[in-house]
Amino acid sequence: MDVATHDLDLVLPGGHRALDRVALAVARGERVAVIGPSGAGKTSLLRVLGTGLRPTRGEVALRGADPWGLARAGLRRLRARIGAVYQAAPLPPRQRVVTAVLAGRLGSWPIWKGLASLAYPLDIAGARASLARVDLAERLFDRCDRLSGGQLQRVGVARVLYQGPDLILADEPVSSLDPQLADRVVGELNRDAQARGATLVASLHAVDLALRWFPRVVGIRAGQVAFDLPPVRITDAMLTDLYATESAVPPTQDNRLLELDASRTRRPVEVRQPLCR
Ligand SMILES: Nc1ncnc2c1ncn2[C@@H]1O[C@H](COP(=O)(O)OP(=O)(O)OP(=O)(O)O)[C@@H](O)[C@H]1O
Ligand SMILES: [Mg+2]
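So, here is what we can say about the structure in this document.

Parameters and conventions
Residues numbered from 1 in each chain as written. Chains lettered and ligands numbered in written order. Predicted model: local features only at pLDDT ≥ 70, side-chain atom pairs only at ≥ 80, totals over all residues. Pairing = 2+ DSSP bridges. Helix = DSSP H or I, 4+ residues; strand = E, 2+ residues; numbered from the N terminus. Axes fitted to C-alpha atoms, helices over the stretch in contact; angles between N-to-C directions. Contact = placed C-beta atoms within 7 Å. Near = placed C-beta within 6 Å. Nonpolar A, V, L, I, M, F, W, Y, C, P; charged D, E, K, R; others polar.

## Concerning the sheet that holds strand β5 (residues 82-85)
Taken together, six strands build an open sheet; the order of strands is β5-β6-β7-β3-β8-β9 and the sheet is mixed. The sheet is open, and its two borders are formed by β5 and β9 (224-229), each paired with just one other strand. Within the sheet, the average angular offset between the axes of one strand and its neighbour, ignoring direction, is 15°. Judged from the four bridges that link them, strand β3 (residues 31-35) and strand β7 (residues 199-203) form a sheet pairing that is parallel. Bridging across to β7, Ala-33 finds its partner in Ala-202. Sheet strands touched by helix α1 (residues 42-49): β3, β6 (167-171), β7 and β8 (216-221). Its angle to β7, the strand with the most contacts, is close to 150°. Together, β5 and β6 form the strand contacts of helix α6 (residues 149-163), whose direction differs from that of β5 by roughly 170°.

The structure is reproduced here in structure tokens:
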């Protein structure tokens, strides 16, 4: 699904401008990471792209259509093709994991099938396969309130993998996971999008994950796009500048210093100063 915004402003209750003239065009099948300091507007942007928030000004187009110009049924159909992963997965605590995963297809199933699946899970094998991709197959029949925050987050990812949407919007989908699992889950989202030709836009706290997995990285600061580049063209200076209000070094998994690998040393300065205070 192609996504485009033009001159997008979002003013939140209280008057804060969370997005400020954002212009972004994402082609179908592209994979884009959104990075930036806390409060930069990453969640706001993803919510506007997912039609959860209506922009105050400017345009958003999803596959050429203005979602806010669609009739209710059209908007519902569009939303069924979007899969959202939230930082804190909004899962009913008493729901079983299998039901939570199968709910990924509620928007595209006929009503009878959705209701039947709530009463008795109809596609246990499918749910198990999606959970296995995030290393959680053994928790299939557990209740959601028996899971840790990181496990719940992975249920949210499994749900979107099961849904198979045209557009995946993932808001800090691995913020509660340890570095190895985070890498695996971000990898799985990328592989899924790539295999199906789906579009993936993910906000990430860890800059190293964004640079490793995504062909395109958008840096956001104070509601504005600071840069929009392939990782190979992103410099230390850009990253330090992006996070200047938050910390002296760009955040990474485990707070390790950012190490740019050999494929990223085509920049003019070969010998890098360590990023430190
Ligand atoms: N419901 C709200 N009402 C008013 N202001 C809000 C609301 N939600 C967010 N904001 C403000 O909007 C700005 C952008 O918030 P947003 O959640 O998009 O940032 P973020 O980049 O996702 O940050 P984080 O990395 O902490 O998740 C922040 O300054 C925040 O304080
Ligand atoms: Mg956020």
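## Observations concerning the sheet that holds strand β2 (residues 17-26)
Pairing is antiparallel in the open sheet, where three strands are placed in the order β2-β1-β4. Each of the sheet's edge strands pairs with one partner strand only, and the pair in question is β2 and β4 (57-62). When strand polarity is set aside, the average angle formed by the axes of neighbouring strands in this sheet is 20°. Of the pairings in the sheet, the one linking strand β1 (residues 3-11) to β4 comprises five bridges and is antiparallel in character. Paired with Asp-9 across the two strands is Arg-57, which belongs to β4. With respect to the sheet, α1 is in contact with β1, β2 and β4, its orientation differing from that of β2 by roughly 55°.

## Things to note about the site of ligand 1
Taken together, the neighbourhood of ligand 1 is formed by 13 residues, with Ser-38, Gly-39, Lys-42, Thr-43 and Ser-44 sitting nearest. Per-element tally for the shell around ligand 1: the top contributor is α1, with three residues. Class assignment of the residues belonging to the shell around ligand 1 gives a composition of four nonpolar, eight polar and one charged.

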